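Listed below, chain by chain, are the residues.
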Amino acid sequence: MSWRIRAIRGATTVTENSIDAIREAVHELLNELETRNHLEMEEIVSVTFSVTKDLDAIFPAAIARERPHWSQVPLLDVQQMHVKGSLPRCIRFLIHFNTSNPTVEIHHPYLRHAKDLRPDWTFAEVAFISK
């Protein structure tokens, strides 16, 4: 059996810079991740969350640690590089995980206004679902 490291990207937006809004968005994003991908928590190598400079009410990693089985996952929060005109109030993640199935299908969840960041993946998802 050959193991390989794979990655999952995802993003969402929040309505305001508040603990409640960020908590809701992070849980929604991680629910989508867990529902659509066949991840074993012990196979996750690490998760990096990035947030735009307008979000500083709480760390997304602190919210992830509230979830069952996430307390032992290495988590890191960083501030996303600011680019003028970029999507505001955005939370992104990059997850690296080990898998014995190098062709495992991956769903990259882009929710709310973050869908505009990767319309190509949104279109591919719609095409996949309609099959």
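Reading the values: the criteria
Residues numbered from 1 in each chain as written. Predicted model: local features only at pLDDT ≥ 70, side-chain atom pairs only at ≥ 80, totals over all residues. Heavy atoms only, no water. Pairing = 2+ DSSP bridges. Helix = DSSP H or I, 4+ residues; strand = E, 2+ residues; numbered from the N terminus. Axes fitted to C-alpha atoms, helices over the stretch in contact; angles between N-to-C directions. Contact = heavy atoms within 4.5 Å. Polar contact = N/O pair within 3.5 Å; in protein donor to acceptor, adjacent residues only side chain to side chain.

Caption draft 1: The arrangement of the sheet that holds strand S1 (residues 4–13) in detail. Strand order in the open sheet made by the 4 strands is S1-S4-S2-S3, with mixed pairing throughout. Where the open sheet ends on each side, the last strands, each with one partner, are S1 and strand S3 (75–79). Strand-to-strand twist of the sheet, defined as the mean angle between neighbouring strand axes without regard to direction, takes the value 15°. Relative to strand S4 (residues 90–99), strand S2 (residues 44–51) runs antiparallel, the two being bridged by 7 bridges. By the bridge assignment, Val 47 is partnered in S4 with Ile 95.

Caption draft 2: Looking closely at the environment of Glu 66. Positionally, Glu 66 belongs in the loop between helix H2 (60–64) and S3. Separated by 25 residues in the primary sequence, Glu 66 and Ile 91 place their C-alpha atoms 17 Å from one another. Not counting the four nearest positions on each side in its chain, Glu 66 is found in contact with Arg 23 and His 27. In terms of polar contacts, Glu 66 uses its side chain to reach the side chain of His 27, at 3.4 Å.

Taken by themselves, the reported measurements are silent on function.
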